[in-house]
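The residues making up each chain are set out below.
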Amino acid sequence: MKLSILDQSPISTNQTANEALQESMNLARIGETLGYSRYWIAEHHAMPGLACSAPEVMLGYIGANTKNIRIGSGAVLLPYYKPYKVAETYHMLSTLFPNRIDVGIGRAPGGPAEATNALSDNYLEHVYKMPDLVNELIKYIDNEGTVLEASPIPQISPDLWMLGTSRKSGNFAAENGLAYSFGQFMSDENGTEIVQQYRQSFQPRKKGQKPYVIMALSVICAETTQKAEEIALSSIVWELQNESMKGNKGVPSVDEAKKILLNLRNQKSIERIKKKMIIGNPNEVKSKILEIQSHVLADEIMIVTITYSSKDKHQSYRLIAEQFIK
């Protein structure tokens, strides 16, 4: 089974943004060495705990420091941009790094309302026009049906993906002949039903094209279950802090997380977050991933791992790779 990496480029409380971005580049290189199929980096705006506001910039840096792993956006928040400019950018990357570039498309704001207003005067209007924006982007990426070319035209076009967390995004991907990545780690929806509907409704836009599904999961793996549970506290507490708008200091250490949890009375919030995560030793993690894959029939599993320590993050990806990648 193919495994891939989704990186939100989080900043730990002991890191600068520069160090977090360097860690993102290191993670891509480690993922390539371990045999992961692709590395995607997310786009966020005005969120102090997340370092990457411009995936297209990081992809140039990461592409130059890796050799084979596919790299891409997870996702380009299309309502902010003109499709022509997005096509130019990713054609440029595809020219520099042939047959390695993915363009993941999303419509979420990726930050607070103030950032949305600063980035766009009519964001909601563009959200409503998302079908038109995507169709325009498809034409430029496929270099078909347009008078104007999005230069430079690469020998191999980047792959287009629709990213989403709902039935609507799955149906849209199917109708437009796009590969689909479902973010189960951030959705309360039933991913199995959404993916099944996507497969049944898929309409290829190119000859021979078939539906393709990535299931994105939040996973933390360690040598023992106890160790994994402990490491996961940083991610859980940070998620709680983000929900209460207190996550601007970054991912807390395990010790910091434990202190915060001592004063937290709402255990239901912790359990709610943990339900969206896979936490355990290598055998437990493998079993849970295989169970999800068998239900969803995903072609690929994409893993997002948020830890305070880079060492713990690298080890988690390494242990998972040893279970799946031969």
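Here the structure is a predicted model, which means the values were calculated and not measured.

Novice: Now, about the nonpolar core: what can you tell me, with residues and values included?
Specialist: Formed by 63 residues in total, the largest nonpolar core has its most connected members in Tyr36, Tyr39, Val134, Ile289 and Ile320. In terms of residue count, the dominant contributor to this core is helix H6 (residues 130-142) (seven residues). Those residues in contact with Tyr36, other than ones at most four positions away along the chain, are Leu3, Ser4, Ile5, Gly31, Ile69, Tyr317, Ile320, Ala321 and Ile325.

Novice: Which residues make up unusual backbone geometry, and what are the values?
Specialist: The amide bond that connects Gly74 to the next residue, Ala75, takes the cis arrangement and shows omega of 20°. Inspection of the secondary structure assignment puts Ala75 in strand E3 (residues 70-77). Here the bond from Ser151 into Pro152 is cis, since omega is 0°, no more than 30 degrees from zero. By the secondary structure assignment, Pro152 is in the loop between H6 and strand E5 (159-164). For Ser9, which is not glycine, the phi torsion reads 50° and is therefore positive. Following the sequence through the fold, Ser9 ends up in the loop between strand E1 (2-7) and helix H1 (17-34). Not every positive phi belongs to a glycine, and Asn143 is a case in point at roughly 55°. With respect to the helices and strands, the residue Asn143 is situated in the loop between H6 and E5.

Novice: A description of the packing of aromatic side chains should follow, citing residues and the corresponding values.
Specialist: Applying the stated criterion across every chain, the model contains nine aromatic pairs. Between Trp40 and Trp161 the ring centres are 5.3 Å apart and the planes differ by 75°, which places this aromatic pair in the edge-to-face class. Separated by 121 residues along the polypeptide, Trp40 in strand E2 (residues 38-41) and Trp161 in strand E5 bring together distant segments of the chain. Look at Trp161 and you get buried, because its relative accessible area is 3%.

Novice: Explain helix H10 (residues 254-262) to me, using residue names and the numbers behind them.
Specialist: Three or more residues of H10 are buried, namely Val254, Ala257 and Leu261. Buried residues along H10 cover an arc of 60° about the axis, so they all sit on one side. Residues Asp255, Lys259 and Leu262 are exposed on H10 and point more than 90 degrees away from its buried face.

Parameters and conventions
- Residues numbered from 1 in each chain as written.
- Predicted model: local features only at pLDDT ≥ 70, side-chain atom pairs only at ≥ 80, totals over all residues.
- Heavy atoms only, no water.
- Core = buried A, V, L, I, M, F, W, Y, C linked by side-chain atoms within 4.5 Å.
- Buried < 20%, exposed > 50% of the residue type's maximum accessible area, 1.4 Å probe, protein only.
- Helix = DSSP H or I, 4+ residues; strand = E, 2+ residues; numbered from the N terminus.
- Contact = heavy atoms within 4.5 Å.
- Phe/Tyr/Trp six-rings, centres within 6.5 Å; stacked < 30°, edge-to-face > 60°.
- Arc of directions from axis to C-beta.

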